[in-house]
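Listed below are the residues making up each chain.
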Amino acid sequence: MKSETGFDPALYDRFPTTGERPPDELKDLEKIWCGPKGWQWITAINNNYIGVYYVGAAMLFFVLAGALAVLMRTQLAVPMNGFLPQETYNQFFTVHGTTMMFLFAVPAVEALGVLLLPQMLGARDLPFPRLSAYAFWAYLIGGLFFFSSIFFGLAPNGGWFMYPPLSSMAFSPGINADFWLLGIGFIEISAIAGAIEIIVGVLRTRAPGMTLDKLPIFAWAMLIFACMIIIAFPSIILSTLLLEIERAFGWPFFDALKGGDPLLWQHLFWFFGHPEVYIIFLPAAGAMSTIVPAVARTPLVGYRLVVLAMLATGFISFGVWAHHMFTTGMPTISTSFFSSASMAVSLPAGVQVFAWIATLAAGRMRFNTPGLFVVGGLTIFVMGGLTGVMVAMVPFDWQAHDSYFIVAHLHYVLIGGMVFPMFAAIYYWLPMSSARPLSERVGKWVFWLMFAGMHLTFLPMHLTGLMGMPRRVYTYLPDRGWEIPNLISTVGAFVFAGAVLLWIIDMVRNFRPFGPREAGNVFDGPGLEWLPTGLYSLRSIPVIRSLYPLWDDKDLERNVAEGRYFLPNSATGERETIVTSTLNAEPQYLQRMPRPSGWPVWAAIFTAVFFMLLTVKGYWPAVVSGVLAVYCIIQWCWFLDAPQPVKEADIGAGIIVPTYASGPSSHGWWAMIITLIVGGMVVALMGFSYVFLWSRNPDLWRPSPGGVSMIGIVSAYALAAGLAWGACRVLRLDRPRSAPISTLMMLLAAALVAGAWGVDLRAWLGSGLRPEVSAQGATVYALLSWHGFFVSVAAVMGLYAVLRWLTGHAVAERPSTWDVIALFLVYSAGQGAFVALLPRLFPGG
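Residues numbered from 1 in each chain as written. Predicted model: local features only at pLDDT ≥ 70, side-chain atom pairs only at ≥ 80, totals over all residues. Heavy atoms only, no water.

Draft legend 1. Broad picture of the overall build of the chain. Secondary structure summary: the chain contains 24 helices and six strands in total. Over its C-alpha atoms the chain spans a radius of gyration of 27 Å, differing by no more than 12% from the 28 Å that the globule rule assigns to 845 residues. When the backbone C-alpha atoms are referred to their principal axes, the chain occupies close to 80 × 75 × 50 Å. Of all 845 residues assigned to the chain, the portion counted as buried reaches 61%. For the chain, long-range pairs separated by at least 24 residues make up 81% of all intrachain contacts whose partners lie at least 6 apart in sequence. As displayed, the chain has an accessible area near 31,500 Å², and 70% of this comes from carbon and sulfur atoms. In the chain, 48 positive and 46 negative side-chain charges are present, and the distance between their average locations comes to 3 Å. (Helix = DSSP H or I, 4+ residues; strand = E, 2+ residues; numbered from the N terminus. Rg over C-alpha atoms; globule rule 2.2 N^0.38 Å. Buried < 20%, exposed > 50% of the residue type's maximum accessible area, 1.4 Å probe, protein only. Contact = heavy atoms within 4.5 Å. Areas by Shrake-Rupley, 256 points an atom, 1.4 Å probe, with all protein chains shown as cover. Lys, Arg positive; Asp, Glu negative; His and termini not counted. Charge placed at Lys NZ, Arg CZ, Asp CG, Glu CD.)

Right, here's the structure in full:
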């Protein structure tokens, strides 16, 4: 019996494609998916290239940040050392922490997902390869620009957390802090773009039969990771935006003299900052849960419990941000709640740890290089977790806060929970992308030097912290008992650096990407990523019957290579992949994939230049660069909804699927929904900021304008939402005048959104409230400015809709563009109503 999508469950027992395959089928597939030649490598968009670029860039930043760490440890080797001046040390400290957290940790695991997920899921590629390319180039350009500031004495010096008032214009008057604020906010946009790609890819491009209970554990981890990015990263984008506005225009969000509060920064920053630890940990844990069965040669113990534990970790992690604020004088009930949550989050992490231990005990452990890094990372992470439970207890945290004990705890958690798993992943999966694996003999040297260097560096810091040594100091006085532990830590840092240098040498000797062949399944992994691949990923997309397909079906590799499964050819003559249903992975439609293009690269370059020019106060050139970035994005998007020459295609076994989808079935619809969730999180956190500052100083806030203007504004937004929704319905009627009427309705909806925002802005301007005078004015105008950005985008979308209609692309059979624009306009209307209502309800008219 077939399902609603036409997928026949009987295919689990037979091959979808039988008989001899056409002799030129594979050659045609290779031609369609051929790689770039010469300088065209910069336009590559498929994951085989972008994933390798991405991982390489992340490891470059790891090495650069590590070099700064060695220099800092040299400065701290002995008391009263003059190796680094204080200002230079502070810049090194800030750039080291920022690079490790923002330019290495999150991008590295995201890069690993971009590289591995298509093969793991049995897809030709992720659904938005140009978005992946844009995210990578934006990250690389922005990251190099940020790091290069250290060579010109312009690097930020306020710590990787940039607490105000230290980072305010009064105490950081140069542009050093601006490099951090604009650079990091820009880089996080790249991370969000990658997260959208991962969420839609995992949910919609799985191989047929890969139901959620057969989803690889690494894919589960990446899905939760990406969802957490969508929720957490808007907070850092907002906080950096508010602080940059305060520095540039004097709007007092964090200035206590004008009703602001520096604690607002800590709430916003740590709402991102502490979940980020688990954002980093979960993909690394997913990699561990994938590698452990391979090195133990047995299935993972407690697969479902591990998945539930990862979900619980992601959920609980958002309840622990004030774990970093116990010493700020919060109410006892608040500290009690966050202390409990901080201890509770260790329970699901413990489930994963015990699952790994049980799997290693149940199997026959092979102490190869990935296996050593797995066991080493497990050991270090458990040690860091134990000290984490200690600092979750408020009385102990009061004593250890801002001491080197916290430095030791942080590095044990991050190195054990991310760095060692990352090296395990590199040694384990590198044969998938390289013609030669890394050396096992050298790899074991790398592990033992890294393991020893890590403990030599950070274990003594627990002692120096308990002995009273504060963190973030560039030197210290003699005769305090800190000399020997600090000297040992410095020796350990050099040992760790030696291990990284040895790894770099091994990479230079053996890493050979983009060749005609790969080293293959060196460690006998059970996942689809070990099937023979080309730039088209798998020769044919298999039906998935188990969690460990290569172990459970010994003929799978041969049958996939012979084209016995789905899509053994190009059904439309273009790049394509199968889009499947979210829960049961049943084929729904065939997605046409884009060819290599330079537009994402140019869009990333002009976006990066826009933020760079803002940093050096070049506002008008920045506007020009921003306009060029928008132009590149429009060019990039123009062909997304192009006519399909083939309406339906046979993907195998007589299953005919459409080559186009719209509405909730479309992957583009999902991407817009996720993007709007990001916007919603930003405006919700802005609302929190407004209410928080009002609650701190309610007597300083003036009554807001209300009455008829509020009712009219909200009514206009409601009408705009109705028109946008109705425009899609009218287009689908497919009548002679449907397209012009629908276009006019879209334009009216965009005009109403802009008009309502204009009326709201005028009402506040007439109230006499000014953003530079008080925190109330600053937050009100910040809300209006954020919504004004959406109004501008809505105007561009309205123009885009007119151009699509004039060129004959507004047709009932291809309504996806209209669906996406309508979603944006409906959201913008709802956001506008929120922005209009909130300041009028608190403190009221």
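After that view, the rundown keeps rolling.
Draft legend 2. Molecular detail of helix α10 (residues 346-362). Relative to the 24 Å expected for 17 residues at 1.5 Å per residue, α10 spans 24 Å between its end C-alpha atoms, a close match to the ideal helical length. Along α10, the residues classified as buried are P348, A349, G350, Q352, V353, A355, W356, T359 and L360. Tucked into the core, α10 has its buried residues touching α7 (262-296), α8 (303-316), α9 (332-344) and α11 (369-391). (Expected span 1.5 Å × (residues − 1).)

Draft legend 3. Structural context of the nonpolar core. Residues F104, W180 and W429 are the most contacted members of the largest nonpolar core, which totals 272 residues. When residues in this core are grouped by element, the largest group, 22 residues, is from α7. Once you skip the residues sitting within four places of it in the chain, F104 turns out to touch A58, M59, F62, T99, M418 and V419. Counting eleven residues, the second-largest nonpolar core is a separate cluster that includes I713, Y717, A721 and A833. (Core = buried A, V, L, I, M, F, W, Y, C linked by side-chain atoms within 4.5 Å.)

Draft legend 4. Broad picture of the side chain of T817. With respect to the helices and strands, the residue T817 is situated in helix α24 (residues 816-841). Look past the residues within four positions of T817 in its chain and what remains in contact with it is D641, Y800 and R804.

Draft legend 5. Structural detail: the side chain of R204. Relative to the assigned elements, R204 resides in helix α5 (residues 176-204). Of the buried charged residues, R204 lacks a salt bridge, with E586 as the closest side chain of opposite charge at 10 Å. Only 3.1 Å separates the side chain of R204 from the backbone oxygen of S665, close enough to count as a polar contact. Apart from residues lying up to four places away in sequence, R204 is in contact with I578, V579, T580, T582, Q588, Y589, P664, S665, S666 and W670. (Salt bridge = Lys/Arg side-chain N within 4 Å of Asp/Glu carboxyl O. Polar contact = N/O pair within 3.5 Å; in protein donor to acceptor, adjacent residues only side chain to side chain.)

Draft legend 6. A look at the pattern of salt bridges. For the structure on display, the rule yields 19 salt bridges. Salt-bridge contacts for R564 lead to E562; the nearest nitrogen and oxygen are separated by 3.5 Å. Taken together, the shared-partner salt bridges connect D178, E244, R247 and K617 into one network.

Draft legend 7. Structural view of the packing of aromatic side chains. All chains considered together, the criterion is met by 67 aromatic pairs. With a centroid separation of 4.4 Å and an interplanar angle of 10 degrees, the aromatic rings of Y49 and F514 are classed as stacked. Residue Y49 is found in helix α2 (residues 47-75), and its partner F514 is found in the loop between α15 (483-510) and β1 (533-534); the two are separated by 465 residues along the sequence. Ring centres 5.5 Å apart and planes at 25 degrees place the aromatic pair F447 and F451 in the stacked group. Residue F447 and its partner F451 are located together in helix α14 (residues 440-466), separated by four residues, close to a single helical turn. Here R804 stacks its cationic end above the ring of W638, 4.8 Å away from the centre of that ring. (Phe/Tyr/Trp six-rings, centres within 6.5 Å; stacked < 30°, edge-to-face > 60°. Lys NZ or Arg CZ within 6 Å of the ring centre and 35° of its normal.)

Draft legend 8. Inspection of the packing of α2 against helix α3 (residues 86-121) at higher detail. Running from amino to carboxyl end, α2 crosses α3 at an angle of 155 degrees, the nearest separation of the two axes being 8 Å. If you check the angle between α2 and α3, you find them roughly antiparallel. Once α2 is placed against α3, the crossing between them reads as left-handed. For the contact of α2 with α3, a count of residues per class yields 27 nonpolar, eight polar and one charged. (Axes fitted to C-alpha atoms, helices over the stretch in contact; angles between N-to-C directions. Parallel < 35°, antiparallel > 145°, perpendicular 65-115°, else oblique. Left-handed = near helix turned anticlockwise from the far one by under 90°. Nonpolar A, V, L, I, M, F, W, Y, C, P; charged D, E, K, R; others polar.)

Draft legend 9. Highlighting unusual backbone geometry. Each neighbour pair has its own omega, and for P164 with P165 the value is 5 degrees, a cis peptide bond. Position of P165 relative to the elements: it lies in the loop between α4 (129-148) and α5. With a phi angle near 55 degrees, M80 is a residue other than glycine that sits in the positive phi range. Mapped onto the fold, M80 is located in the loop between α2 and α3.

Draft legend 10. The arrangement of the state of the cysteines in detail. Within the structure shown, the criterion is met by zero disulfides. Summary of cysteine pairing: C637 is not part of a disulfide, and the nearest cysteine sulfur, belonging to C632, is at 11 Å. (Disulfide = S-S within 2.5 Å.)

Draft legend 11. The arrangement of the pairing of strand β3 (residues 576-580) in detail. Counting buried residues along β3, five of its five residues qualify, which places the element largely inside the surrounding structure. Sheet topology note: the β3/strand β4 (residues 587-592) ladder contains five bridges and is antiparallel. Paired with T577 across the bridge in β4 is Q591. Turn length for the β3-β4 hairpin, with the two strands adjacent in sequence and antiparallel, is six residues, and the turn residue A585 shows positive phi of about 55 degrees. (Pairing = 2+ DSSP bridges.)

Draft legend 12. Region of the structure containing a nonpolar patch on the surface. On the surface, V78, L456, I484, L487, I488 and V491 cluster together to form a nonpolar patch covering roughly 480 Å² of accessible area. The biggest single contributor to the nonpolar patch is α15, with four residues. Take I484: it is sitting in helix α15. (Patch = residues over 30% accessible without salt bridge, like charges linked within 9 Å, V, L, I, M, F, W, Y side chains within 5 Å.)

Draft legend 13. How the structure looks around the environment of V374. In this structure, V374 sits in helix α11. Separated by 18 residues in sequence, V374 and W356 have C-alpha atoms that sit 9.2 Å apart. In contact with V374, other than residues within four places in its own chain, are M288, I291, V292 and A424.

Draft legend 14. Looking closely at the packing of helix α6 (residues 217-249) against α7. Their axes nearest at 8 Å, the elements α6 and α7 cross at an angle of 160 degrees. Classed by the angle they form, the pair α6 and α7 counts as roughly antiparallel. Once α6 is placed against α7, the crossing between them reads as left-handed. Class assignment of the residues belonging to the contact of α6 with α7 gives a composition of 26 nonpolar, six polar and no charged.

Draft legend 15. Molecular detail of α6. End to end, α6 covers 47 Å across 33 residues, agreeing with the expected 48 Å (1.5 Å per residue, within 8%). In the structure, α6 departs most strongly from a straight axis at I230, where the bend amounts to approximately 35 degrees and where the proline P234 lies between one and four residues downstream. Of all 33 residues in α6, 28 are buried, a share of seventy percent or more. G250, located one to two residues past α6, shows a positive phi value of around 80 degrees. (Bend = angle between axes of the 7 residues up to and from the residue.)

Draft legend 16. Geometry of the environment of T94. Summarising the element assignment, T94 is placed in helix α3. For T94, a relative accessible area of 0% translates into the label buried. Taking the C-alpha atoms as reference points, T94 and T580, 486 residues apart in sequence, are found 45 Å from one another. In this view, T94 contacts P156, N157, G158, G159, W160 and W180; residues no more than four positions away in its chain are not counted.

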